[in-house]
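Chain and residue survey
Single-letter residue listing:
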Amino acid sequence: MPTLVLLRHAKSEWPADTADLERPLNSRGQRDCVAVAAAIEAHGLLMDLVLVSPARRTQETFGLVFDSL
């Protein structure tokens, strides 16, 4: 049975004069990505297709989660 996994971006910053699309993850968000990867792995979830927003915070979230898997 296919499983749909929805993952929201990790905690991000909102530096002054930074467009919403360019908001980076903060240090907490970076740390949390490792925990998210562990939860995905613990549940035995496999990804056949991944769609990721072009926003910097979502790209960083996926990159850190994927690197931890």
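Heads up: the structure comes first, above all this text.
Conventions and cut-offs
Residues numbered from 1 in each chain as written. Predicted model: local features only at pLDDT ≥ 70, side-chain atom pairs only at ≥ 80, totals over all residues. Heavy atoms only, no water. Axes fitted to C-alpha atoms, helices over the stretch in contact; angles between N-to-C directions. Helix = DSSP H or I, 4+ residues; strand = E, 2+ residues; numbered from the N terminus. Parallel < 35°, antiparallel > 145°, perpendicular 65-115°, else oblique. Left-handed = near helix turned anticlockwise from the far one by under 90°. Contact = heavy atoms within 4.5 Å. Nonpolar A, V, L, I, M, F, W, Y, C, P; charged D, E, K, R; others polar. Buried < 20%, exposed > 50% of the residue type's maximum accessible area, 1.4 Å probe, protein only. Polar contact = N/O pair within 3.5 Å; in protein donor to acceptor, adjacent residues only side chain to side chain. Salt bridge = Lys/Arg side-chain N within 4 Å of Asp/Glu carboxyl O.

1. Some thoughts on the packing of helix α1 (residues 27-42) against helix α2 (residues 56-68)
The axes of two packed helices give the description: the angle between them and the distance between them. Two numbers describe how α1 lies on α2: the axes approach to 8 Å, and their chain directions differ by 50 degrees. Between α1 and α2, the angle falls in the class oblique. Here α1 runs over α2; the crossing is right-handed. For the pair formed by α1 and α2, the contact residues are Q30, C33, V34, V36, A37 and I40 on the first element and T61, L64, V65 and S68 on the second. Class assignment for the residues of the contact of α1 with α2 results in seven nonpolar, three polar and no charged.

2. What to know about the environment of V50
Note on placement: V50 falls in the loop between α1 and α2. We classify V50 as partly exposed; its relative accessible area is 35%.

3. Re the side chain of S12
As for its position among the elements, S12 is in the segment before α1. A distance of 2.5 Å separates a polar atom in the side chain of S12 from a polar atom in the side chain of R23. Look past the residues within four positions of S12 in its chain and what remains in contact with it is R23, P24, L25, N26 and R57.

4. Focus: the pattern of salt bridges
Overall, the coordinates contain four salt bridges when judged by the stated rule. For R23, the salt bridge goes to D20, with nearest N and O atoms at 3.0 Å. With a relative accessible area of 12%, R23 lands in the buried category. A salt bridge links R56 to E60; the nearest nitrogen and oxygen atoms lie 2.7 Å apart. Of this pair, R56 and E60 both sit in helix α2, four residues apart, which is roughly one turn of the helix. Exposure remark for E60: the relative accessible area of 22% places this residue in the partly exposed category.

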